[in-house]
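So the chains spell out like this:
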Amino acid sequence: MTSRTEALQEIAEIAARHQLQADEIINELNKASAPDQAQRSTGILAKILAYLGGVFVLAGIAIFIGMQWDQFNSAVRVLVTLGAGFSIYLFALATISDARFSKVTTPMLLIAALLQQTGIVVMINEYSRGGDPEHGLLFMCVVMLVQQFFTFLAKKRTVLLFTSLFFGAAGFGTLCEILDIDYEIVALALGIGLTSISWAIDKTAHRAITPFWYFAGSVFFLYGAFDVLEGSAMEILYFGVAAGFMYLATVVRSRTLLFSSVIALMAYTGYYFRDSLANAFGLIIMGFLLIVLSAVAMSLNRKYIQTKVEK
């Protein structure tokens, strides 16, 4: 018998002995777990100050490097970018397990990622002997993806998953550019991939980053779909594509997807009826369509998406 089972049995015995009801116990547990308002305000203030501190550090480094850049030789240029970024990365890893510095970990990891990617590009630019710049960008994306993703696997920090997705998407786009794949196909692939990955992440403890990647995935896909259908006999099907994303928003219960699909429908409606909008009747019809579309979006949000937030 585990200690957890024994503890539950003891709680049940105490409740029976004192004739406690389940709702009374739940209420007391909720009171105990509710954060103190002062503590909550202090936590928010500490987080704001941590991010501001990170911004100031980054700004200071950027100003210093910019002022002295022309006087630096190649080795120093790499040292003040890649070296500084890797040092901040190591410092951020050290703060993960220390509660005293937990508020600065996320901004430090973001600053480290920014400086390291800049440093890799600078190193390639300083020491390479010709070649395609896109190959250098792909190399940078692969190196950063490997570092960020394996660090995420080890430390389980959400910000590392965010940066891993960023460098993965950037690397995929760069590779497709090198292979000369049509950009609308790349946009469709990125849209499907990022939306699918966001849906998987949304079921984990790292769901905080999914709104951004839902938005990025939907924008990529809707842009790619429009570019493929524009000017063809099947162009009207874009209404169905955007409506399909609106339905997907209700399935995954994402306000971000709902927002992007509504914007796509509104924009395409204006594009499709652009010739009719030159007169008053066209504007009236467009206005009614937008009112109906907004009502539908609000209804879908209330019935299928808001319930998830409340839960």
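The coordinates are above.
Read on for an overview of the structure.

Rules of the game
Residues numbered from 1 in each chain as written. Predicted model: local features only at pLDDT ≥ 70, side-chain atom pairs only at ≥ 80, totals over all residues. Heavy atoms only, no water. Core = buried A, V, L, I, M, F, W, Y, C linked by side-chain atoms within 4.5 Å. Buried < 20%, exposed > 50% of the residue type's maximum accessible area, 1.4 Å probe, protein only. Helix = DSSP H or I, 4+ residues; strand = E, 2+ residues; numbered from the N terminus. Axes fitted to C-alpha atoms, helices over the stretch in contact; angles between N-to-C directions. Parallel < 35°, antiparallel > 145°, perpendicular 65-115°, else oblique. Contact = heavy atoms within 4.5 Å. Expected span 1.5 Å × (residues − 1). Phe/Tyr/Trp six-rings, centres within 6.5 Å; stacked < 30°, edge-to-face > 60°. Lys NZ or Arg CZ within 6 Å of the ring centre and 35° of its normal. Left-handed = near helix turned anticlockwise from the far one by under 90°. Nonpolar A, V, L, I, M, F, W, Y, C, P; charged D, E, K, R; others polar.

Let us now look at the nonpolar core. Counting 23 residues, the largest nonpolar core has Ile88, Leu109, Ile209 and Trp213 as its most contacted members. Mapped by element, the contributors of at least two residues to this core are helix H4 (74-96), helix H5 (102-127), helix H7 (158-178), helix H8 (183-201) and helix H9 (210-229). One finds Phe221, Tyr238, Val252 and Leu257 within the second-largest nonpolar core, a separate group that totals 17 residues.

To continue, consider the packing of H4 against helix H6 (residues 133-155). For any two helices packed against each other, one specifies the crossing angle of their axes together with the interaxial distance. Two elements in contact, H4 and H6, have axes whose closest approach is 12 Å; the angle formed by their N-to-C orientations is 10°. Judged on the interaxial angle alone, H6 and H4 are roughly parallel. Between H4 and H6, the contacting residues are Phe86, Tyr89, Leu93 and Ile96 on the first element and Gln147, Gln148, Thr151 and Lys155 on the second.

This part takes up unusual backbone geometry. Its identity as a non-glycine residue notwithstanding, Lys156 has a phi of 60°, on the positive side. Structurally, Lys156 is set in the loop between H6 and H7. Backbone geometry places Asp180, a non-glycine residue, at a positive phi of 60°. Summarising the element assignment, Asp180 is placed in the loop between H7 and H8.

This part takes up H9. End to end, H9 covers 28 Å across 20 residues, agreeing with the expected 28 Å (1.5 Å per residue, within 8%). Within H9, the full set of buried residues consists of Thr210, Trp213, Tyr214, Ala216, Gly217, Ser218, Phe221, Leu222, Gly224, Ala225 and Leu229. One or two positions beyond H9, positive phi appears at Gly231, with a value near 80°.

Another aspect to go through is the packing of aromatic side chains. Each pair of aromatic rings is reported with the distance of its centres and the angle of its planes. Here the structure, examined in full by the defined rule, presents 13 aromatic pairs. With centroids separated by 5.2 Å and ring planes inclined at 55°, the aromatic side chains of Phe162 and Phe212 adopt a geometry described as tilted. Here the residue Phe162 occupies a position in helix H7, and Phe212 occupies one in helix H9, the gap between them amounting to 50 residues. Judged by its relative accessible area of 24%, Phe162 falls in the partly exposed class. Its relative accessible area of 46% is what places Phe212 among the partly exposed residues. A ring pair is formed by Phe162 and Trp213, whose centres lie 5.3 Å apart and whose planes are at 50°; its orientation type is tilted. One end of the pair, Phe162, is in helix H7; the other, Trp213, is in helix H9, with 51 residues separating them in the sequence. Residue placement shows Lys156 over the ring face of Phe152; its charged tip is 5.8 Å from the ring centre.

Take the packing of H5 against H6 next. Following both chains from N to C, one finds H5 and H6 inclined at 145°, their axes separated by 10 Å at the closest point. Regarding H5 and H6, the two cross each other, and that crossing is right-handed. Between H5, through Ala113, Gln116, Gln117, Ile120, Val121 and Ile124, and H6, the contact on the second element is made entirely by Gly136, Leu137, Phe139, Met140, Val143, Met144, Gln147 and Gln148. For the contact of H5 with H6, the residue count by class is 9 nonpolar, 5 polar and no charged.

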